[in-house]
Amino acid sequence: FLLLPILYAEKVITAEQLGYIGALLIVGILVGALAVTYKLHVHHKTRLLQVSLALLFGGTFFLFWAHNIFLLATAYILIGLATGLGMSTINALAAQFTTKGKRYKVLANMAMLMDVSRIIYPLIAGAIYIAFGFVGLVIFALVTVLCFGVFIFFFTRFFVVIPSV
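Cut-offs used in this document
Residues numbered from 1 in each chain as written. Predicted model: local features only at pLDDT ≥ 70, side-chain atom pairs only at ≥ 80, totals over all residues. Heavy atoms only, no water. Helix = DSSP H or I, 4+ residues; strand = E, 2+ residues; numbered from the N terminus. Buried < 20%, exposed > 50% of the residue type's maximum accessible area, 1.4 Å probe, protein only. Polar contact = N/O pair within 3.5 Å; in protein donor to acceptor, adjacent residues only side chain to side chain. Phe/Tyr/Trp six-rings, centres within 6.5 Å; stacked < 30°, edge-to-face > 60°. Contact = heavy atoms within 4.5 Å. Axes fitted to C-alpha atoms, helices over the stretch in contact; angles between N-to-C directions. Parallel < 35°, antiparallel > 145°, perpendicular 65-115°, else oblique. Left-handed = near helix turned anticlockwise from the far one by under 90°. Core = buried A, V, L, I, M, F, W, Y, C linked by side-chain atoms within 4.5 Å. Salt bridge = Lys/Arg side-chain N within 4 Å of Asp/Glu carboxyl O.

Draft legend 1. Just the environment of Lys45, in detail. Its location among the elements puts Lys45 in helix 3 (residues 45–62). Taking relative accessible area as the criterion, Lys45 reaches 6% and is therefore assigned buried. With 106 residues separating them in the primary sequence, Lys45 and Phe151 have C-alpha atoms 15 Å apart.

Draft legend 2. Quick peek at the environment of Glu10. Looking at the element boundaries, Glu10 is found in the loop between helix 1 (3–9) and helix 2 (15–39). A relative accessible area of 36% places Glu10 in the partly exposed class. Note: C-alpha distance between Glu10 and Phe57 (47 residues apart in sequence) is 24 Å. A distance of 2.5 Å separates polar atoms of two side chains, one belonging to Glu10 and the other to Tyr129.

Draft legend 3. Representation of the packing of aromatic side chains within the structure. On inspection of all chains with the given rule, the structure shows 7 aromatic pairs. With a centroid separation of 4.8 Å and 20° between ring planes, the pair formed by Tyr121 and Phe140 is classed as stacked. Classification of Phe140 as buried rests on a relative accessible area of 17%. Ring plane angle 80° and centroid distance 5.2 Å describe the contact between Phe153 and Phe154, whose orientation is recorded as edge-to-face.

Draft legend 4. Structural context of the side chain of Ser52. Following the sequence through the fold, Ser52 ends up in helix 3. The exposure class of Ser52 is buried, given its relative accessible area of 7%. Setting aside residues up to four positions removed in sequence, Ser52 forms contacts with Ala82, Leu85 and Gly86.

Draft legend 5. Region of the structure containing the packing of helix 3 against helix 4 (residues 69–96). Here helix 3 crosses helix 4 at 155°, and the two axes come no closer than 8 Å. Considered as vectors, helix 3 and helix 4 are oriented roughly antiparallel to each other. At the point where helix 3 passes helix 4, the crossing takes the left-handed sense.

Draft legend 6. Main features of the nonpolar core. Residues Leu7, Leu63, Leu72, Tyr76 and Phe134 are the most contacted members of the largest nonpolar core, which totals 28 residues. Put simply, the parts of the chain that give this core at least two residues each are helix 1, helix 2, helix 3, helix 4 and helix 5 (103–158). Examining the composition of this core, we find that 9 residues originate from one element, helix 5, more than from any other. Contact partners of Leu63, with chain neighbours within four places excluded, come to Leu3, Leu72, Ala75, Tyr76, Ile79, Phe134 and Val138.

Draft legend 7. Region of the structure containing the pattern of salt bridges. Here the structure, examined in full by the defined rule, presents 1 salt bridge. Arg118 is paired through a salt bridge with Asp115; the nearest N and O atoms lie 2.8 Å apart. Here the residue Arg118 and the residue Asp115 both occupy positions in helix 5, the gap between them amounting to 3 residues, near one helical turn. The exposure class of Arg118 is exposed, given its relative accessible area of 52%. Overall, the relative accessible area of 40% leaves Asp115 in the partly exposed class.

Shown next as structure tokens:
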């Protein structure tokens with residue numbers, strides 16, 4: 001949602017379009033999360049994370065053309081799908097790599113880390129926006145996605161991810 005208020009303030013989108021595009025993001029998240037409930041048992045978790053990252057990268061890349069309302073809406077649908085797919089898969093991985101007695105602590109720590117990142121990321125993004133404008137924000141988002149990709153690549157090389165049954 002971080003970019004939508006900026007696009008609204010820059011008069012790129014209207015208030016109505018902001019609402020619709022925000023709703024598309026939420027629908028994408030729900031569809032992605034629901035898809036995982038089925039696909040998690042059909043596909044390998046590593047593959048689901050790769051698909052999530054590809055969707056996230058593609059959606060973020062479309063933000064370079066945010067003035068095109070169709071590409072902007074497509075970007076937010078893809079980002080929503082990627083978020084729903086990725087978050088659910090990461091929770092399944094957390095369950096796999098923790099023991100029953102420590103699972104709630106690990107999930108609580110993950111939630112805390114996500115909350116902290118929801119505070120810090122917009123602060124960094126704001127500084128980047130002030131320094132480099134909207135294009136700088138999109139580049140920052142793409143670099144963030146690539147960093148997640150590198151992390152997941154090495155994570156899946158060092159830890160054996162068991163396929164779901």
